[in-house]
Amino acid sequence: MTDTVAILNKLFLAMQNVRFYPPDHSLVKESVSSLYTLLNDLLSSGKEFSFGFVEKKLIVNGQPAEADQAQTAGLARQLELLRVDNITIRPGLPPAELHSFLECMTVKPEQLHDTGGMKKILADRGLQHIQANDVAYGRIKGGDAKSGETEKGKENLSEDEAFIRALHMADRRMGAGVPPSAAARPPPRAAGTETGQAAPTADELKELYAIRDRFQEELDRRVRDAVRRYEDKNKRLAFEKDKMDSIMRNVGEGVLVVGNDGNILMANPAAEKLLGGQGQAVIGRTLKETIRDEHSLVLSKNSPESVTEIELAGKNKATHRILRASNAVIEDRDGRTVGMVSVLSDITRMKEVEQLKSAFVANVSHELRSPLAAIQKNLTVILDKTAGEINPSQKEFLTLARENVERLTRLINDLLDISKIEAGKMELKKIRADLAELVRKTAASFSGWFGEKHIASRLDLPPGPVKLELDPDKITQVLNNLLSNALKFTPAGGEVTIKVIAGDPVKVSVTDTGVGIAQKNIYRIFNKFEQIGVSHANNVNGTGLGLPLAKEIVERHGGKMQVESKPGKGSAFSFTLPA
């Protein structure tokens, strides 16, 4: 049943994405497409696929299935909220019908029940390949209910509860109006003679009432103690709640708590202000519903899952906002996901400053390009002795000057490339090219450097060509950066391996036996102007722009860049490109 559990996990993930994101979001498209592929393979045999839960245990096609309840708890809880007993999916399911079904599964429970249940909702939408059976609640007969209650009471009642019930029954049989002085009265003969049962004697009545009085005193004492404990607890809880409310009200960042159904459970004033809500207007609504008319939710930027940038595109500059959401999943004691907490920060001003900085850097870099080019040409003319003879000492200093001018030129070019990418102006000139041959030529251009540093190089390429749509100059720039970094941080006697793995996607890796990178610093190496581990034996330096630029170029090609490293063992940088 491993495949079945994987399908149900994909189903729950797709439901969550449909709930939180618009239909054209990449996460929605990817999760729905993946789920449809798995379902299509499962239904290819022509048989229906049905699933449900009985006491949180998974039932597939009418049979119990082995599954970790922690993996299926979210879906089981969702079906319970929607009062759905089981779902049947038939062969021939089209993608549009699957997406419509997922939208139905994300509606609010109260809305669903008002419209007649999930079964009616699916029928109203005309879904022919998916059927949902609602939970049916039966009514048992009075006699059965009484019997059931009696048995249940026998099983679950504590000794105190059983004693209380016995006293109440005795009290009802004796009559609530009989006073304690009834012990002095003669027992009621009529009741005894008519039923054939012996009536209680005066001593028995006295003893029963004494037991009742003692029990009442004990019960009152326990109730007073319990009330006192609960009052103390309530006071502590009220104090903690007031303290937490005060903290939430005065936190400068917006704090949101979102439930599993996608609705906002709690929001502090800062969050309400960022989302445009007034008072408690955002509570009980989804994030998309809280956006004011002058805003539109643009989508998340390329950020880690725990940190998301949300752009609220307004009608003018005054209403345009960019929020950074730092997210964390909320789990109960059993490890089940019950919601998510998000901390919202308004980074609109910070983004504006970044844009101004990028524009300034781009303008300055562009202005420096021309004089540097002139200096480089003049130095070349002098070193070529076109302008006259120079002595060895002059040649040494002029060569050093030309190398520094070339290094400064590369830095300026990197700055301009980064600025173009940030402004969305970098154009890729893609052609059909052989990636394996491109890697071979790039590696060959570094052969002199490999020999100079006494570092071995190993090239592992597929036997045939690897044809891809790519920009040869930009991919060469990526390879140059990875190879130069490997050479910089690998000591003499080390080895650098360049490998190309054909497939979809195609993978290119550069692995060295150098100094490596600490795990805590790996996330920083793709930040602009960040240099990690530069103060080591090789005394190498860089601009801190090569890896960020390489990562951006790869992502512009539709690929991803990854890194694995261990201090003292070396690093493996790799990137993928779509075939």
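On a predicted model such as this, the values are computed, not experimentally measured, just so you know.

Criteria and thresholds
- Residues numbered from 1 in each chain as written.
- Predicted model: local features only at pLDDT ≥ 70, side-chain atom pairs only at ≥ 80, totals over all residues.
- Heavy atoms only, no water.
- Helix = DSSP H or I, 4+ residues; strand = E, 2+ residues; numbered from the N terminus.
- Buried < 20%, exposed > 50% of the residue type's maximum accessible area, 1.4 Å probe, protein only.
- Contact = heavy atoms within 4.5 Å.
- Areas by Shrake-Rupley, 256 points an atom, 1.4 Å probe, with all protein chains shown as cover.
- Axes fitted to C-alpha atoms, helices over the stretch in contact; angles between N-to-C directions.
- Left-handed = near helix turned anticlockwise from the far one by under 90°.
- Core = buried A, V, L, I, M, F, W, Y, C linked by side-chain atoms within 4.5 Å.
- Pairing = 2+ DSSP bridges.
- pLDDT = per-residue confidence, 0-100.
- Salt bridge = Lys/Arg side-chain N within 4 Å of Asp/Glu carboxyl O.
- Phe/Tyr/Trp six-rings, centres within 6.5 Å; stacked < 30°, edge-to-face > 60°.

### Quick word on the overall build of the protein chain
Summing up its helical and strand segments, the protein chain has 18 helices and 18 strands in all. For the protein chain, the proportion of its 579 residues judged to be buried stands at 35%. When contacts within the protein chain are restricted to residue pairs at least 6 apart in sequence, those whose partners lie at least 24 apart make up 60%. A total accessible area of about 35300 Å² is found for the protein chain, and carbon and sulfur atoms account for 53% of it.

### Focus: the packing of helix H17 (residues 472-488) against helix H18 (residues 546-556)
Any two packed helices are characterised by how steeply their axes cross, that is the angle between the axes, and by the distance between the axes. For the pair H17 and H18, interaxial distance at closest approach is 9 Å and the crossing angle is 145°. As H17 packs across H18, the resulting crossing turns out to be left-handed. The residues of H18 that touch H17, namely those facing Lys474, Gln477, Val478, Asn481, Leu482 and Asn485, are Gly546, Leu547, Leu549, Ala550, Ile553 and Val554.

### Notes on the nonpolar core
By size, the foremost hydrophobic cluster in this structure holds 45 residues, and its most contacted members are Leu435 and Phe575. Considering every element that reaches this core, the biggest residue donor is H17, with seven residues. In this structure leucine 435 touches Val466, Leu468, Leu470, Ile475, Val506, Val508 and Leu577, once residues within four positions along its chain are discounted. Core analysis: the second largest hydrophobic core is formed by 38 residues, Phe53, Val60, Leu79 and Cys104 among them.

### Describing the sheet that holds strand E3 (residues 63-64)
Here we have five strands laid out as an open sheet, ordered E3-E2-E1-E4-E5, and antiparallel in their pairing. Where the open sheet ends on each side, the last strands, each with one partner, are E3 and strand E5 (130-134). Looking at chain direction, strand E1 (residues 49-54) and strand E4 (residues 84-89) are connected through four bridges and run antiparallel. What sits directly across from phenylalanine 49, in E4, is isoleucine 89. Where helix H3 (residues 69-81) meets the sheet, its contacts fall on E1, strand E2 (57-60) and E4, and the angle it forms with E1 comes to roughly 90°.

### Here we look at unusual backbone geometry
Aspartate 504 connects to proline 505 through a cis peptide bond whose omega is 5°. You can see proline 505 is positioned in the loop between strand E15 (495-501) and strand E16 (506-512). Here asparagine 61, not a glycine, exhibits a phi torsion of approximately 55°, which is positive. As for its position among the elements, asparagine 61 is in the loop between E2 and E3. What makes asparagine 61 partly exposed here is its relative accessible area of 44%.

### Focus on the confidence of the model for the protein chain
Mean pLDDT for the protein chain: 78, with 80% of residues reaching 70 or above. The lowest-confidence element of the protein chain is strand E8 (residues 297-300), averaging 42 in pLDDT; the highest-confidence one is E16, averaging 95. Of the regions scoring below 50 in pLDDT, residues 173-195 engages in 16 contacts with residues more than four places distant in sequence or in other chains. Segment residues 293-305 is flagged for pLDDT under 50; beyond a separation of four residues in sequence, or across chains, it makes 33 contacts in the model.

### Let's talk about the pattern of salt bridges
Taken as a whole and judged by the stated rule, the model has 15 salt bridges. Between arginine 221 and glutamate 218 there is a salt bridge whose closest N-O contact spans 2.5 Å. Of the two residues, arginine 221 and glutamate 218 are both situated in helix H10 (residues 202-250); the distance of three residues between them amounts to about one turn of the helix. Note that arginine 228 and aspartate 225 form a salt bridge whose closest N and O atoms lie 2.5 Å from each other. Note that arginine 228 and aspartate 225 are positioned in helix H10 at a spacing of three residues, about one turn of the helix. By relative accessible area, which is 45% here, arginine 228 ends up partly exposed. Taken together, the salt bridges that share partners define one network made up of Glu218, Arg221, Arg222, Asp225 and Arg228.

### What to know about the pairing of strand E11 (residues 337-346)
In this structure, strand E6 (residues 254-259) lies alongside E11, joined through six bridges in antiparallel fashion. Bridge pairing in E11 links valine 258 to methionine 340. As paired elements, strand E10 (residues 321-331) and E11 share nine bridges and run antiparallel to each other. When the bridges of E11 are listed, alanine 325 appears paired with leucine 344. Here E10 folds back onto E11 in antiparallel fashion, the turn holding five residues, of which glycine 335 has a positive phi close to 85°.

### Comments concerning the packing of aromatic side chains
Using the criterion set out here, one finds two aromatic pairs in the structure. Considering the side-chain rings of phenylalanine 446 and tryptophan 449, the 6.1 Å spacing of their centres and the 15° angle between planes classify their relative orientation as stacked. Judged by its relative accessible area of 9%, phenylalanine 446 falls in the buried class. Given the relative accessible area of 29%, tryptophan 449 is considered partly exposed.

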